[in-house]
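So the chains spell out like this:
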Amino acid sequence: MLNKCNYSMNDDLLSEVKDHPETPVSHLNESEFNDFLNSLFKNPVSQYATFSFPIQSIDPLAYLEMCWQENTFQYYWEKPNDEFAIAASDEITTVSADGANRFSTINDKVTKVRQNTAEFSAISHPYSGLFLLGGFSFFDQNDGELWKNFPPASFTLPKWMIIKDGKFTLATFSVDLNTFSTANELKKHITSQLEDLNETLEQKNSTVSIDLNGETSNIPLPKRKSDYQKWSDSVNEAKELISKKAFKKIVLARNIKVSKRAETSSTQVINNLRKQYTSCYNFLIHKPSGDSFLGSTPERLISARNKLLLTEALAGSIGRGNTATEDAFLEKKLSGNGKDQNEHNFVVQDIEERLAPFVKELNRNKTPEIKKLSNVQHLYTPIRARLNEESNLFEVLGQLHPTPAVGGYPWQKAAPHIKDLEHFERGRYAGPIGWINSKGNMEFAVAIRSALCTKNYAHLFAGCGIVKDSDPVTEWEETNLKLKPMLSALQYD
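Computed from a predicted structure; not experimentally measured. (Residues numbered from 1 in each chain as written. Predicted model: local features only at pLDDT ≥ 70, side-chain atom pairs only at ≥ 80, totals over all residues. Heavy atoms only, no water.)

Chemist: Quick one: what's the story with the packing of aromatic side chains, residue by residue and with numbers?
Modeler: For the structure shown, the criterion picks out 34 aromatic pairs. Note on Tyr63 and Trp160: the rings are 5.0 Å apart at their centroids and 85 degrees apart in plane angle, and the pair reads as edge-to-face. Of the two residues, Tyr63 is situated in helix H3 (residues 60-66) and Trp160 in strand E6 (residues 153-165); the sequence distance between them amounts to 97 residues. Measuring from ring centre to ring centre gives 6.4 Å for Phe73 and Tyr75, while their planes differ by 20 degrees; the resulting arrangement is stacked. In this pair, the class of Phe73 matches that of Tyr75, namely buried. Three or more aromatic residues joined by ring pairs form one cluster here, namely Trp147, Phe150, Phe283, Phe293, Phe424, Tyr429 and Phe461. Of note, Arg254 hangs over the ring of Trp476, and the distance from its end group to the ring centre comes to 3.6 Å. Across the ring face of Phe138, the terminal group of Arg426 is positioned such that the distance to the ring centre comes to 4.2 Å. (Phe/Tyr/Trp six-rings, centres within 6.5 Å; stacked < 30°, edge-to-face > 60°. Helix = DSSP H or I, 4+ residues; strand = E, 2+ residues; numbered from the N terminus. Buried < 20%, exposed > 50% of the residue type's maximum accessible area, 1.4 Å probe, protein only. Lys NZ or Arg CZ within 6 Å of the ring centre and 35° of its normal.)

Chemist: I'd like a description of the side chain of Ser470, backed by residues and values.
Modeler: The topology assignment puts Ser470 in the loop between strand E20 (457-466) and helix H12 (472-489). Side-chain polar atoms of Ser470 contact the backbone nitrogen of Val467, separated by 2.9 Å. In terms of polar contacts, Ser470 uses its side chain to reach the side chain of Glu475, at 3.3 Å. With residues up to four places along the chain from it excluded, the contact list for Ser470 reads Lys239, Lys339, Gly465 and Glu475. (Polar contact = N/O pair within 3.5 Å; in protein donor to acceptor, adjacent residues only side chain to side chain. Contact = heavy atoms within 4.5 Å.)

Chemist: Give me the lowdown on the pattern of salt bridges, citing residues and values where you can.
Modeler: Scanning the model with the defined rule gives 19 salt bridges in all. Residue Lys372 is joined to Asp327 by a salt bridge in which the shortest nitrogen-to-oxygen separation is 3.0 Å. Of the two residues, Lys372 is situated in strand E14 (residues 369-372) and Asp327 in helix H8 (residues 324-335); the sequence distance between them amounts to 45 residues. The partner of Glu478 in a salt bridge is Lys482, and the shortest N-O contact between them spans 2.7 Å. Taken together, the residues span about one helical turn, with Glu478 and Lys482 both in helix H12 at a distance of 4 residues. The pair Glu478 / Lys482 is uniform in exposure class, with both members buried. (Salt bridge = Lys/Arg side-chain N within 4 Å of Asp/Glu carboxyl O.)

Chemist: Which residues make up helix H10 (residues 393-400), and what values do they have?
Modeler: Burial of H10 is extensive: 6 of the 8 residues sit out of reach of the surface. Leu393, Phe394, Val396, Leu397, Gly398 and Leu400 are the residues of H10 that are buried. The distance from a side-chain oxygen at the start of H10 to the backbone nitrogen of Phe394 is 3.0 Å, and the residue carrying that oxygen is Asn392.

Chemist: So, the confidence of the model for the protein chain: which residues are in play, and what are the values?
Modeler: On average, residues of the protein chain score 86 in pLDDT, and 89% of them are at 70 or above. Of all the helices and strands in the protein chain, helix H1 (residues 11-18) carries the lowest mean pLDDT, 32, while strand E5 (residues 131-136) carries the highest, 98. Low pLDDT, under 50, characterises residues 1-26; the stretch is placed with 52 contacts to residues that sit more than four places away or in other chains. With pLDDT under 50 throughout, residues 205-217 is counted as low confidence; its partners more than four residues away or in other chains account for 22 contacts. (pLDDT = per-residue confidence, 0-100.)

Chemist: With reference to specific residues and values, describe the environment of Trp476.
Modeler: The residue Trp476 is located in helix H12 in this model. Trp476 sits in the buried class, given a relative accessible area of 13%. Distance in space between the C-alpha atoms of Trp476 and Tyr228 is 7.6 Å, their sequence separation being 248 residues. Once you skip the residues sitting within four places of it in the chain, Trp476 turns out to touch Asp227, Tyr228, Trp231 and Arg254.

Chemist: Tell me about the side chain of Thr156, and please be specific about residues and values.
Modeler: Within the fold, Thr156 resides in strand E6. In terms of polar contacts, Thr156 uses its side chain to reach the side chain of Thr94, at 2.8 Å. Beyond its immediate stretch of four places on either side in the chain, Thr156 contacts Phe73, Asp90, Glu91, Thr93, Thr94, Phe131, Leu132 and Leu133.

Chemist: For the environment of Asn149, give the residues involved together with the corresponding values.
Modeler: Note that Asn149 resides in the loop between E5 and E6. For the pair Asn149 and Ser292, spaced 143 residues apart in sequence, the C-alpha to C-alpha distance is 9.7 Å. Not counting chain neighbours up to four residues away, the residues in contact with Asn149 comprise Lys287, Ser289 and Asp291. Polar side-chain contacts of Asn149 include one of 3.0 Å to the side chain of Asp291.

This is the structure:
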């Protein structure tokens, strides 16, 4: 039963597992576990192995904070409304790629790691086994020093991972089999890992969680007249290009640099963001260099489960009101704004065109909905599609990135102008970030509303779509609105 294989789980069984979140590891079938261990060395065919066990409930972010190591790979992913979170640390192996073919190259390397990994799970669950965690930069190459520790594409198999799925919590340990000589040696290692985990879980009640103030209305923004002038010039130049029919839309972003408070840790920033933005994807990738890329993005790029693909168009923004009446007025203004509707329609149309070769059916509403966040509301169109049997998930991901919500329309015409008009390197900003597992499931978001934290500074990013009737002042204020949540989370004042 428990051997080198992938498990499937029907909804009824999954519900049963979630209703019994503290299934003890002592229920482990010792004979099956030993047989699996022996098979790894008797007829060695795998380079890596993963071991998954149900554990007592714990907040994965709290566990990551307790075990934080500044000089190793650290990862966090959570969408609170979905009751799903991943915490992971250290690395067994990392695959990377750059250039125009980075999506297909990563697919080949990820496939090779999956084929070379044996999986054991003490309980059947869709999130047991191998996970590879990472993402892609916006462009296929990174220029300059700022993003030197973040390759244009990289995915890591972590040494340990905690997944919280509803009421159920799962721990997975990964190993490189070449570092062990015998099954007994490996068994002692896994046993030791479980013991260390349990000791840390026993300490969880004594840890202190710092609750940051999520209010953003009074957060000051760094002001430099030259920054606004550069922005205004770029927007007007983009509008001139649009009038000459070079493209129909382009997304321009700003970046600001602020001094980072030494006492504000990456996990504290994420803790604040996830409380304030429960419907967003809250993410963190920390590199051994000490640099962290983190944020809270409202935009899903792709979710894939058993050939069912979910994506969305998210473009067109306005602030939230201080009263219910004001909020409703702003919502109506957004829904009736021709500029925002035009921008949103570009995104919907482009996504449909890109998905067409890969899907056999596609469904969406004819008119956009409104997605409300704590400080901003967006025009939003969810899109559901059924993939063709031969469709490759990384190929689909590469075709969807970048959507017109973060790039432009048509993309190939807008792309050459972005770097010239922005005056900075995007790096991982607005690129796909997420995970893929051994069951062929994946979840990727668009890494907007984000910051790159280095030793002494935080570099923040925010953008907006420029169309023919865009106003530089209005777009500047929109980017200010999008920068405030990260400034608040970083405790900048």
